[in-house]
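Examination of the molecular architecture
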Amino acid sequence: MTGFSPDPEARRGASSLEKMLGLLDLFTPGEPAWPTEELIRVSGTSRSTCYRYIKALQAAGLLTPVAGGAWMLGPRIIELDRTMRLCDPVTTGGTPPMQRLAAETGHTGLLCLLFSGTVMCVADAPAPGAPAGVFSRGQRRPLFFGAASKVILAHLPPHQLRGLFARHRATIEAAGLGGDWERFRQALRALREAGHGITESEFMPGIIGIAAPLFNAEGGVLGSIGIAARIEEVPEPDRAALAAKVMQAAREACARIADQAQSAALPARAVG
């Protein structure tokens, strides 16, 4: 699913399957229920076509009817989420090291996955008293801000990086990654050589992030593992030792991912 476009022109170029699946992107914590009439209006399709989409999604368990002629996400999604928790190589391989990292450091542990030009949290271990909204399973973040994202970005193949730079140059410069291609390359090279990234207040004010990349057995970047904490809880002299712990957790997670039967976990192909 690439996301439901608000642009009617973009929707017209989408296939019927893309339009149908795109309806699921409308359901958010802010707008969890959608009346049928609103789905018809926003979809830009005919009434009969949108009814077919809704009925097909209902039959698959992806939508369920609620009071007032509205629809919400269906219980099949819970079933699929359970399967992901049990079978996804990054989740199953990375969660134990992430949990140990959180316990050892006393900071919130995060496990993230590269997903369609964004970074998604697939598991988290919140520290006691951690600020709300740091990052939790199912949330997505931009690819250019925060340690968890930047260490993934630094290991993408050159052709993907060139495409990203051409499309997102202003955002990349705003993220402190350079205003031209050479500076962008240098910033990413520094991250690769360090083996980790440290950022402050890039996505959430007052929060420091420390993260390291995760790879499959073939060396393709899959995601990242790391910690997040209030900046005042992580004084400068402690950061190198914490970064070492994060990188050790990443090595453990990569070994676990490679040992699984599903070790052919593939890096994301469509990026930004």
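Remember, it's a predicted structure, so these values are computed and weren't measured experimentally.

1. Quick notes on the overall build of the protein
- Regarding its fold elements, the protein presents 11 helices and 9 strands.
- Relative to the 2.2 N^0.38 estimate, which gives 19 Å for 272 residues, the radius of gyration of the protein is 20 Å and therefore close to what a compact globule would have.
- Across its three principal directions, the C-alpha atoms of the protein cover 60 × 40 × 40 Å.
- Taken across its 272 residues, the protein has 44% of its residues classed as buried.
- Within the protein, contacts between residues at least 6 apart in sequence are counted, and of these 52% link residues at least 24 apart.
- Of the accessible surface of the protein, which amounts to about 13,600 Å², a share of 57% is contributed by carbon and sulfur atoms.
- Taking the 28 positively charged and 25 negatively charged side chains of the protein as two groups, their mean positions are separated by 5 Å.

2. Some thoughts on the sheet that holds strand β4 (residues 108-115)
- Spatially, β6-β5-β4-β9-β8-β7 is the arrangement adopted by the 6 strands of the open sheet, whose pairing is antiparallel. Two strands close off the open sheet at either side, each with one partner strand: β6 (140-142) and β7 (197-200). Each strand axis lies, on average, 30° off the axis of its neighbour in the sheet, ignoring direction.
- Taken together, the 9 bridges between strand β8 (residues 207-215) and strand β9 (residues 221-230) define a ladder with antiparallel strand orientation. Following the sheet pairing, F215 is matched in β9 by V221.
- The strands touched by helix α11 (residues 239-259) within the sheet are β7, β8 and β9, with β8 carrying the most contacts at an inclination of about 30°.

3. As for unusual backbone geometry
- The phi dihedral of S116 is positive, around 50°, even though this residue is not glycine.
- If you trace the backbone, S116 turns up in the loop between β4 and β5 (118-125).

4. What about the nonpolar core?
- Formed by 31 residues in total, the largest nonpolar core has its most connected members in L143, L153, L156, L161, L164, F184 and L188.
- Elements with a contribution of two residues or more to this core: β4, β5, α7 (147-153), α8 (158-167), α10 (181-194), β8 and β9.
- For this core, the leading source of residues is α7, giving 5 residues.
- Ranked by size, the runner-up nonpolar core spans 26 residues in total, among them A212, A243, A249 and I257.

5. Topic: the sheet that holds strand β1 (residues 34-35)
- Pairing within the open sheet is antiparallel, and its 3 strands lie in the order β1-β3-β2. Where the open sheet ends on each side, the last strands, each with one partner, are β1 and β2 (63-66).
- Inspection of the sheet shows β1 paired to strand β3 (residues 70-73) by 2 bridges, in the antiparallel sense. Looking at the pairing, W34 lines up with W71 of β3.

6. Here we look at the pairing of β3
- Across 4 bridges, the pairing between β2 and β3 is antiparallel. Across the sheet, residue T64 finds its bridge partner in β3, namely M72.
- Once β2 ends, the chain turns through 3 residues before running back antiparallel as β3, passing G68 with a positive phi of about 80°.

7. Some remarks on the packing of aromatic side chains
- In total, this model carries 3 aromatic pairs according to the counting rule given.
- Where F165 meets F184, the ring centres are 5.4 Å apart and the plane angle is 25°; that geometry is what we call stacked. Of this pair, F165 sits in helix α8 while F184 sits in helix α10, and the two are 19 residues apart along the sequence. Just as F165 is buried, F184 falls in that class too.
- Through a chain of ring-to-ring contacts, the aromatic side chains of F165, W181 and F184 assemble into a single cluster.
- Here the guanidinium or amino end of R141 rests over the ring plane of F135, the centre of that ring lying 4.0 Å away.

Each value, and the rule that gives it
Residues numbered from 1 in each chain as written. Predicted model: local features only at pLDDT ≥ 70, side-chain atom pairs only at ≥ 80, totals over all residues. Heavy atoms only, no water. Helix = DSSP H or I, 4+ residues; strand = E, 2+ residues; numbered from the N terminus. Rg over C-alpha atoms; globule rule 2.2 N^0.38 Å. Buried < 20%, exposed > 50% of the residue type's maximum accessible area, 1.4 Å probe, protein only. Contact = heavy atoms within 4.5 Å. Areas by Shrake-Rupley, 256 points an atom, 1.4 Å probe, with all protein chains shown as cover. Lys, Arg positive; Asp, Glu negative; His and termini not counted. Charge placed at Lys NZ, Arg CZ, Asp CG, Glu CD. Pairing = 2+ DSSP bridges. Axes fitted to C-alpha atoms, helices over the stretch in contact; angles between N-to-C directions. Core = buried A, V, L, I, M, F, W, Y, C linked by side-chain atoms within 4.5 Å. Phe/Tyr/Trp six-rings, centres within 6.5 Å; stacked < 30°, edge-to-face > 60°. Lys NZ or Arg CZ within 6 Å of the ring centre and 35° of its normal.

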